[in-house]
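Architecture at a glance
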Amino acid sequence: MKVLKKVLRKILNSLIGIGLFIGKIWKHKKGKIGLILVALLAFVAIFAPLIAPFDPYDVTERAAKGLSPSWEHLLGTTINTGQDIFSMLIYGTRVSLLVGLVTGIAIAFLGAILGIIAGYVGGMADNLIMRIVDIMLVIPTLPLTIVITNLFGKSYFIIVFIFVIFGWTGLARVIRSLVLVLKNSNYVKASELAGGSRWHIMTKHILPGVSHLLIMNTALTCAGIMVAEAGLSFLGLGDPTAISWGKMLAEAQSGGALLFGHWWWIIAPGIGIFIAVFAFMRIGLVMEEILNPRMKASSGIFKLFKTLNNTYIQEVFDGMNEEVLTTKEGEIS
Amino acid sequence: MSDVLLGLKNLKVIFPAQQGIVRAVEGIDIDILKGECVALVGESGCGKSVTSLAIMRLLNTPPALIEVESINLGGDEITKYSENKMQDVRGKQISMIFQDAMTALNPVMTVGKQIDEVFIKHNKLSKKEARIETIKALRLVGIPEPESRAKAFPHQLSGGLRQRVLIAMAFACMPKLIIADEPTTALDVTIQAQVLEVLRNMQKSHNVSLLLITHDLSVVAHTADTVYVMYSGKIVEKAKVEDLFREPHHPYTEGLLGSIPRLSDTTKHFVQIPDSVPHPMFKPTGCYFHPRCKYATDICKEKMPPLVRLDNGREIRCYHPINFSGGENNE
Amino acid sequence: MQKSFIIKRIIYAIFIFFVVLTLNFFIPRLGVDDPAERYYPPQGNMSDIEYEIIKQVTREQYGFDVSTFKQYTNYVEGLLRFDLGTSFRTGNPKVSTLIAERLPWTLVLSVSNLVISLCIGLIFGTVAAWKRGRWQDSLLLNLSTISVALPAFFIALILSFYFGFELELFPAYTNPNMVSQFDWSWEAIKVVFFNAALPIISMSIGGIIGYSQRTRNSVIAVTNEDFVLTARAKGLSQNKVLFKHTLRNAMLPIVTAVGMSLSGLIGGAVIIEQIFNWNGMGTLFLEANNTNDYPLMMGIMLFMSTIAILANLIVELTYSLLDPRITVGEKR
């Protein structure tokens, strides 16, 4: 019971922490857009069967091949198979979001663990981890993914697996360099002197120290992964039975969308990718701004300067004017 | 008043921000005579560095807004100078020594090259001629083996040597005025003394005026001729250095002096000034110092005291000045 | 830069090369015991004996008839002679020959992409940093969010659709005769330029914005440094401050970024090449994948890795030339 209580409290605490962080992003005008879009995507992905007007897998409706957008088929139908493009778009959200989130979270775990170990434990462990990073960096990811899918078959499981195996390196490096800074901070040293175990310091001091950077990187990783997933699906390396935006683009190209001028067939999945990636990017960038305000672009100072009331500024300046009195030393009181 | 080298009149600097206006410098006058060393003293955040950058016209606008009646350098009004003309003034007539030589020197350029640039720009020398001058300049500030040190990168030199390099760079063209912004703060105490010694010797032997910006009165005592004490963007006291140390008139100055430990002082504890400088956006009413002043009365809370110029040249901004040895109104 | 530093880096690069080479040898042998089965998958209408014979022939032909360890040493030995193995294609061409044929065509795309992205990106980034907070800067920030969210292959499809099919300005598919008829004549170069336009544009849009953003951040970070103030206090002109002090330091992270793109110089264009039917390394790889041509796939992979290792090595050495603070094995 005690353990359960402890675990529950921990989960609650971290949920509150995440909630507070989301609140911070929500306050940001740009962050709000990102959060709303992510919520919308999640809603669409979960309730896809209810939202989609047609069965996107249905290829039997041959009479309705290559339709232009209409009220019935909002984005028309495919030229070769007569599938409803709007319904495909809705279902495509699932793959994109699932692959992006699962990979992003897995990378966050692996990257954080290995980055913290490399940075805090150092020595042999650090050496080993960084050597592996060096090797990972020179292996071409896309060709390797193609080879692996050729060997073990095509599925999103394999794609996620490869993304995770190759994706943690960047995050681990970033986390490691921050951990190296934290390691020399006074509070970590104080904890060490007080006899805190390595495990205690890593979980209680280092992990909270890197958590913001971790969340920010996870949001950006999700965005990057969704682009990469679209690319792999475009090459036909995803699950052949699933509907994904990347695959839709490939089908549009091979199905003659370019040739017959069915631009909506290309634009639709493109916009899907755009919205999903944009939403996560926005969240990540807003977090970056919160973490590192020095880099902020619209520092507002220029807008501020334009709106400055010149008479007010003049008043401020004039208010500083004053007379200098002259007097003899003896007369001062 | 022909021997005034730099006449700064009524300098005001503000920084508009979303939440309000930061009043960094609120109309200060500084006169620096030829060959004189003037110290500008105050706690961090009181507007000292902003003042020095404003004199060099190096403050970026935006974010800063500046109003100044006059910056007169040896008879020339430099407020009206174009940026191009100002570039000829910087380094040639006024130069600057910054606080932390580690960050103030370009890490990817040899220190020799960085000094060469000054000669190439202002004396129109070739690279070779400039290097000869650079080595002379380095030798002048007491850097051993200047030929090889000129080829070193900043990170290869010790902190003391780096600071000497900055001094050599500032004195390169023998400008009329050198502004030293906390030149020794980043150094160890023993090195501090050496560097100050170099700075003072260079200043005296070449008859250059020096504006020394510091929070450390012990540095002032050894170096300066005249002292301006600044508090929260205003000058609160001006005096010759001996006068100031003998009888500080402003309670703030007294507090600053009290914070210097003295061996001879066996009876008293440190006198400390409670609290810290007010935030420049939320300054108190009346005298800015009154919340921290033990002499404060009601008038101090209501009205900013005027700056009073005494006939012996001292200036004081206080309703309750202290330490008048000869006067009737000794506290 | 110390000699020992260079030697250390080179030895390390060789070590990485051997690890990658070993991985490269073993990965295709995962899952299947007999490499011959890769070449010749079992077919239904064939008796077991027939299949055994065919496999035996294959083994001898491609050197699979010896122990795995011996195969490995043979592989390494071959590599020392720059022999990447033999393709399963008809006529059994050498993998290295196939790569040599296709490499220049990929380089046409990727090198132009890198040069264009870098040059324009540096200029845009510096301008944005210079005009920090003004419209140029905000525009760049917004564009960079948008460009990441628009994958290059989507841009490629749009460009191919609009300029290729609708306006018919540029070819939407590469002229199949471009490679075979190339003879260094002015006309042939023009054809290449014409065909490469769309692929290069679709690749470099993201690159330009990426480099701009990096340059901007880097320049701003350096502008806040004290030594820039020192340089201005010396009376240097704005141009001198920018070029000799700010940009020189701001270049350091850009060098790393260029190194990263050098690693992707050959493998980075797979999807774009596929869309435009461009006869480069990417399409070669996809062809190899479609025909289960493992020696060719692994040869290309190893080649790409080697380029990446060399690129990293060059970046490290350049970096230590540019930044005197780098000492042995220590990065800023």
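These numbers were taken from a predicted model, which means no experiment stands behind them.

**Considerations on the overall build of chain C**
For chain C, the count of helices and strands is 14 helices and zero strands. Counting from the amino terminus, helix and strand elements in chain C follow one another as α-α-α-α-α-α-α-α-α-α-α-α-α-α. Across the 332 residues of chain C, 39% fall into the buried class. Within chain C, contacts between residues at least 6 apart in sequence are counted, and of these 71% link residues at least 24 apart.

**Let's talk about the domain arrangement of chain A**
Accessible area lost upon the coming together of the parts is a frequently used measure of interface size. Each assigned domain of chain A is listed here: domain 1 (2–298) and domain 2 (302–333). Using C-alpha coordinates to define each centre, domain 1 of chain A is positioned 56 Å away from domain 2 of chain A.

**A few points about the interface of chain A and chain C**
At the junction of the two partners, chain A supplies 39 residues and chain C supplies 44 residues. Of all the secondary-structure elements, those providing two or more residues to the side of chain A that touches chain C are α5 (123–138), α6 (141–152), α9 (198–234), α10 (245–254), α11 (257–260), α12 (263–291) and α13 (301–307) of chain A. The element contributing the most residues to the side of chain A that touches chain C is α12(A), with ten residues. When its residues are assigned to classes, the side of chain A that touches chain C shows 31 nonpolar, six polar and two charged.

**Examining the sheet that holds strand β9 (residues 226–231) of chain B**
Here we have nine strands laid out as an open sheet, ordered β1(A)-β11(B)-β12(B)-β10(B)-β9(B)-β3(B)-β8(B)-β7(B)-β6(B), and mixed in their pairing. Looking at which strands have only one partner, the edges of the open sheet turn out to be β1 (324–327) of chain A together with β6 (94–97) of chain B.

**Description of the nonpolar core**
Grouped burial of nonpolar side chains is what soluble globular proteins tend to show. Within the largest apolar cluster, 148 residues are counted, with the highest numbers of intra-cluster contacts made by A223(A), V277(A), F280(A) and I300(C). Setting aside its immediate chain neighbours within four residues, F280(A) contacts V38(A), A219(A), C222(A) and A223(A).

**Quick word on the pairing of strand β7 (residues 177–181) of chain B**
Residue and element names in this part refer to chain B. Taken across its five residues, β7 has five buried, putting it largely inside the fold. Side-chain alternation along β7 places L177, I179 and D181 on one buried face and I178 and A180 on a second face that is also buried. Across four bridges, the pairing between β6 and β7 is parallel. Of the residues in β7, the one forming a bridge with I94 is L177. The pairing of β7 with strand β8 (residues 209–214) spans five bridges and is parallel. Directly across from I179, in β8, lies its bridge partner L211.

**Some points on unusual backbone geometry**
Residues other than glycine seldom take positive phi values, yet M174(B) does so here, at roughly 45 degrees. Mapped onto the fold, M174(B) is located in the loop between α7 (159–171) and β7. At N292(C), a residue that is not glycine, the phi angle is positive and equals roughly 55 degrees. Owing to 16 C-beta atoms within 10 Å, N292(C) belongs among the partly exposed residues under this scheme.

**Notes on the domain arrangement of chain C**
Residues and elements named next belong to chain C. Once the domains are mapped, chain C shows domain 1 (3–80) and domain 2 (98–331). When each unit is reduced to the centre of its C-alpha atoms, the spacing between domain 1 and domain 2 is 33 Å. On the side of domain 2, 14 residues touch domain 1, which itself brings 14 residues to the contact. Among the elements that take part in the side of domain 1 that touches domain 2, helix α1 (residues 3–26) stands out by supplying twelve residues, more than any other. Of the residues belonging to the side of domain 1 that touches domain 2, the class tally is nine nonpolar, two polar and three charged.

**What to know about helix α11 (residues 251–258) of chain B**
Within the sequence span of α11(B), burial applies to P251(B), Y252(B), T253(B), E254(B) and L256(B). In this structure, the buried residues of α11(B) make contact with β3 (37–41), α9 (217–223), β9, β10 (234–240) and α10 (241–246) of chain B.

**Examining helix α13 (residues 281–290) of chain C**
Burial in α13(C) covers these residues: M281(C), G282(C), T283(C), L284(C), F285(C) and A288(C). In the core, the buried residues of α13(C) are packed alongside α6 of chain A together with α5 (95–130), α12 (270–276) and α14 (294–322) of chain C. The positive-phi residue at the C-terminal boundary of α13(C) is N292(C), with phi of around 55 degrees.

About the cut-offs
- Residues numbered from 1 in each chain as written.
- Chains lettered and ligands numbered in written order.
- Predicted model: local features only at pLDDT ≥ 70, side-chain atom pairs only at ≥ 80, totals over all residues.
- Helix = DSSP H or I, 4+ residues; strand = E, 2+ residues; numbered from the N terminus.
- Buried ≥ 20, exposed ≤ 12 C-beta atoms within 10 Å, placed from the backbone.
- Contact = placed C-beta atoms within 7 Å.
- Domains from an automatic or database assignment.
- Nonpolar A, V, L, I, M, F, W, Y, C, P; charged D, E, K, R; others polar.
- Pairing = 2+ DSSP bridges.
- Core = buried A, V, L, I, M, F, W, Y, C linked by C-beta atoms within 7 Å.

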